[in-house]
Amino acid sequence: MITFNRVKEIRKDKDLTQGDIAQYLNIKLYTYSKYEVNVNIPSLETVYNISKLFYLNIDYVIGLSDKKVKREYPKYNAKLVAHNLRVLRESKNLTRQQLAIKLGVTQSSIHRYENMLCNPSLQVIYKYTKIFNISMEDLCTKKL
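Residues numbered from 1 in each chain as written. Predicted model: local features only at pLDDT ≥ 70, side-chain atom pairs only at ≥ 80, totals over all residues. Heavy atoms only, no water.

Engineer: Would you take a moment to explain the pattern of salt bridges for this structure?
Structural biologist: When their charged atoms lie close together, side chains carrying opposite charge are able to pair. One pass over the structure, following the stated rule, counts 8 salt bridges. Here Asp 66 and Arg 6 are joined by a salt bridge, their closest N and O atoms 2.8 Å apart. Placement of the pair is Asp 66 in the loop between helix H5 (58–61) and helix H6 (78–91) and Arg 6 in helix H1 (residues 5–13), with a sequence separation of 60 residues. With a relative accessible area of 16%, Arg 6 lands in the buried category. One salt bridge connects Glu 90 with Arg 89, and the closest N-O pair in it is separated by 4.0 Å. For Arg 89, a relative accessible area of 9% corresponds to the buried category. (Salt bridge = Lys/Arg side-chain N within 4 Å of Asp/Glu carboxyl O. Helix = DSSP H or I, 4+ residues; strand = E, 2+ residues; numbered from the N terminus. Buried < 20%, exposed > 50% of the residue type's maximum accessible area, 1.4 Å probe, protein only.)

Engineer: It is not clear to me how the side chain of Asn 84 should be interpreted in this structure. Could you clarify?
Structural biologist: Looking at the secondary structure, you find Asn 84 in helix H6. A polar contact is formed between the side chain of Asn 84 and the backbone nitrogen of Leu 144, at a distance of 2.9 Å. The contact partners of Asn 84, leaving out residues within four places of it in the chain, are Asp 138, Leu 139, Lys 142, Lys 143 and Leu 144. (Polar contact = N/O pair within 3.5 Å; in protein donor to acceptor, adjacent residues only side chain to side chain. Contact = heavy atoms within 4.5 Å.)

Engineer: Even after reading the chapter, I still don't get the state of the cysteines, so can you show me in this structure?
Structural biologist: What makes a disulfide is a covalent bond joining the sulfur atoms belonging to two cysteines. The final tally for this structure, using the stated rule, is 0 disulfides. The cysteine Cys 118 is free of any disulfide, with Cys 140 supplying the nearest cysteine sulfur at 16 Å. Relative accessible area serves as the criterion here: at 25%, Cys 118 is assigned to the partly exposed category. By relative accessible area, Cys 140 is classed as buried at 3%. (Disulfide = S-S within 2.5 Å.)

Engineer: How do you make sense of the packing of helix H7 (residues 96–103) against helix H8 (residues 107–114) when you look at a structure like this?
Structural biologist: Two packed helices can be described by the angle between their axes and the distance between those axes. One way to put it is that H7 packs onto H8 with a least axis distance of 8 Å and a crossing angle of 105°. Overall, the two elements H7 and H8 adopt an arrangement that is roughly perpendicular. Along the contact surface, H7 presents Arg 96, Gln 97, Leu 99, Ala 100 and Leu 103, while H8 presents Gln 107, Ile 110, His 111 and Glu 114. When its residues are assigned to classes, the contact of H7 with H8 shows 4 nonpolar, 3 polar and 2 charged. (Axes fitted to C-alpha atoms, helices over the stretch in contact; angles between N-to-C directions. Parallel < 35°, antiparallel > 145°, perpendicular 65-115°, else oblique. Nonpolar A, V, L, I, M, F, W, Y, C, P; charged D, E, K, R; others polar.)

In short, shape yes, function no, at least from these values alone.
What follows is the structure, given as structure tokens:
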């Protein structure tokens, strides 16, 4: 389960305010504060950029791993993520319809994710990582 409890801890350890993070992300303070109390869930790009700010691996920052690894990230690459989503589906010989059923989304959603027409929610990305046994880190940074 993805939560932002760790993000709050990391932020406080770095002596940063919620306002500092919101400014870095170019979002409103109230938007960011809702992430920390798990009212709203940020996009994958936002999570990526928070991890980039802290120089820590994505999976650790959002509580999917207890392995804390220092990491520098390049700029978020939506094209790479879309490519990887398609490659993952094809690696298991799944049709868009079959994957849609597993993810609880529509077949057209899969098409849109793979063609950068829209971004999957963080919950959907989380399901991808479980189905394909891949870290969010690898999904966002390695060409599969």
